[in-house]
Amino acid sequence: MPAAPRLNPRRYLHREPGAAGAARPAPSMVSSVPGRTPLVLDSPHSGTAYPEDFRAALPLPELRRAEDTHVEKLYAFAPPLGVGWVEAHFPRIYLDANRDVAELDASLLDGPWPDPLTTDPVVLQKVRLGKGLVWKLTDDGRPIYDRPLSVAEVRARIERCWRPYHAAVAAEIDAAHARHGYSLHLNCHSMPAVSASHATLHPGLVHADFVVGDRDGSTASPALSQRIVEFLRERGYTVDYNHPYKGVELVRRYGRPAEQRHSIQLEINRRLYMDEQTLAIEPAGFERLQGDLRALVQLLLATDPRGA
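About the thresholds
- Residues numbered from 1 in each chain as written.
- Predicted model: local features only at pLDDT ≥ 70, side-chain atom pairs only at ≥ 80, totals over all residues.
- Heavy atoms only, no water.
- Phe/Tyr/Trp six-rings, centres within 6.5 Å; stacked < 30°, edge-to-face > 60°.
- Buried < 20%, exposed > 50% of the residue type's maximum accessible area, 1.4 Å probe, protein only.
- Helix = DSSP H or I, 4+ residues; strand = E, 2+ residues; numbered from the N terminus.
- Pairing = 2+ DSSP bridges.
- Axes fitted to C-alpha atoms, helices over the stretch in contact; angles between N-to-C directions.
- Contact = heavy atoms within 4.5 Å.
- Salt bridge = Lys/Arg side-chain N within 4 Å of Asp/Glu carboxyl O.
- Expected span 1.5 Å × (residues − 1).
- Polar contact = N/O pair within 3.5 Å; in protein donor to acceptor, adjacent residues only side chain to side chain.
- pLDDT = per-residue confidence, 0-100.

Caption draft 1: Quick peek at the packing of aromatic side chains. Inspection of the entire model under this criterion finds seven aromatic pairs. A centroid spacing of 6.2 Å and a plane angle of 25 degrees characterise the contact between Tyr-50 and Phe-54, whose relative ring orientation is stacked. Phe-54 gets classed as buried once you look at its relative accessible area, which sits at 0%. Ring centres 5.8 Å apart and planes at 75 degrees place the aromatic pair Phe-54 and Tyr-145 in the edge-to-face group. Residue Phe-54 is located in the loop between strand 2 (39-43) and helix 1 (60-63), and its partner Tyr-145 is located in the loop between helix 3 (121-128) and helix 4 (151-180); the two are separated by 91 residues in the primary sequence.

Caption draft 2: A look at unusual backbone geometry. Omega for the bond connecting His-243 with Pro-244 falls within 30 degrees of zero, at 0 degrees, which places this linkage in the cis form. Relative to the elements of secondary structure, Pro-244 occurs in the loop between strand 6 (239-241) and helix 6 (249-254). Its identity as a non-glycine residue notwithstanding, Asp-216 has a phi of 60 degrees, on the positive side. Relative to the helices and strands, Asp-216 is located in the loop between strand 5 (210-213) and helix 5 (222-234).

Caption draft 3: Representation of the sheet that holds strand 7 (residues 261-269) in the model. As summarised here, the arrangement of the seven strands in space is 1-3-2-4-7-5-6, forming an open sheet in which the pairing is mixed. If you trace the sheet from one side to the other, it starts and ends with strand 1 (30-33) and strand 6, each paired once. Neighbour-to-neighbour, the strand axes of the sheet open up by a mean angle of 20 degrees, direction not taken into account. The sheet contact formed by strand 4 (residues 183-191) and strand 7 spans nine bridges and is parallel. Each bridged residue has a counterpart across the sheet, and for Ser-190 the counterpart in strand 7 is Ile-268. Of the strands in this sheet, strand 4, strand 5, strand 6 and strand 7 are in contact with helix 5, which crosses strand 6 at around 165 degrees.

Caption draft 4: Fine view of the pattern of salt bridges. This model, assessed by the stated rule, comprises 25 salt bridges. In this structure, Glu-72 and Lys-73 form a salt bridge, with 2.9 Å as the shortest nitrogen-oxygen distance. For Glu-72, a relative accessible area of 18% puts it in the buried group. By sharing partners, the salt bridges in this structure join Asp-68, Arg-92, Asp-96, Arg-99, Glu-103 and Arg-270 into a single network.

Caption draft 5: Quick peek at the environment of Gly-130. If you trace the backbone, Gly-130 turns up in the loop between helix 3 and helix 4. Residues Gly-130 and Ala-199, spaced 69 residues apart in sequence, show a C-alpha to C-alpha distance of 8.6 Å. Excluding residues that lie within four positions of it along the chain, Gly-130 makes contacts with Trp-135, Lys-136 and Leu-137.

Caption draft 6: Molecular detail of helix 5. Helix length check: helix 5, at 13 residues, gives a terminal C-alpha distance of 18 Å against a target of 18 Å (1.5 Å per residue), a fit within 8%. Buried residues along helix 5 sit in contact with strand 4, strand 5, strand 6, strand 7 and helix 7 (283-301). Positive phi appears at Gly-236, one or two residues downstream of helix 5, with a value of about 95 degrees.

Caption draft 7: Spatial organisation of the side chain of Asp-68. Relative to the helices and strands, Asp-68 is located in the loop between helix 1 and helix 2 (71-74). For Asp-68, a relative accessible area of 1% corresponds to the buried category. At a separation of 3.2 Å, a polar atom in the side chain of Asp-68 contacts the main-chain amide nitrogen of Ser-190. The contacts of Asp-68, once residues within four sequence positions are left out, are His-45, Ser-46, Arg-92, Cys-188, His-189, Ser-190 and Arg-270.

Caption draft 8: Structural context of the pairing of strand 4. The buried fraction of strand 4 is high, at nine of nine residues. Side-chain alternation along strand 4 places Ser-183, His-185, Asn-187, His-189 and Met-191 on one buried face and Leu-184, Leu-186, Cys-188 and Ser-190 on a second face that is also buried. Across four bridges, the pairing between strand 2 and strand 4 is parallel. Within the sheet, the bridge partner assigned to Val-40 lies in strand 4 and is His-185.

Caption draft 9: Spatial organisation of the confidence of the model for the protein chain. In the predicted model, the protein chain carries a mean pLDDT of 92, and the fraction of residues at 70 or more is 91%. Segment residues 1-25: pLDDT under 50, and 37 contacts once partners within four positions in sequence are set aside and those in other chains are kept.

Okay, structure coming up:
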């Protein structure tokens, strides 16, 4: 039997067929559901709409391993409870909304970048791993592109994806705070069971079931973060706090606990709910985890951090 043809990465990218197979206008890259409670959830890395202009050099199955797969499904119960919800539909490997626009590897570009670039040595550690605003390498260290990116296309990604996403998160948090005098923001992620070579600064690390991050208490009340840690441990999970993930741009930018704006990053180990090789949901694990996440959300809805 002849070998199956290699998937052409130029042709798999997201397209919605219209009449006679014509391409429809590109879909919105961000969606949000307004809330009525103090709680806002956002999922910046679960997007699966691969834009036509991506033109990556790798096949789709390799690119999809960068996704926080199924996170939007895990929290599907939240909007009906009155929780504000913001979701990215663009993939993280195309543009990472959890990075600042200055976290760009200029070696990806075909010309000089006209805007400021970070010089922060801590931030640059991740950029050098290929994990900046626009990824250069996969978690296993494979180059994503076989071409330089133009300054114009990177700027277009920022305008189409990064700015609308951050505007939506900011708007939901502002509305929650205006309604209740405080806001709780849970930045929702997933992580592999074992860290890959170019994924983090801790390659080979076996992850706990959860990692709760508040940037060492700078983006949320530590008492609130510890309440989440203790709740999850009581449910039988292993939980790490601010290691190896402290939280990045979406909690750094919007977490201001002195103003009663609390932002916490929550990482979930993918082995709890899915097969990491096939990306298929494992129903029993998914159901248990989703039930515990619902209970966590209900705990947060009943928590006023001003008295925590």
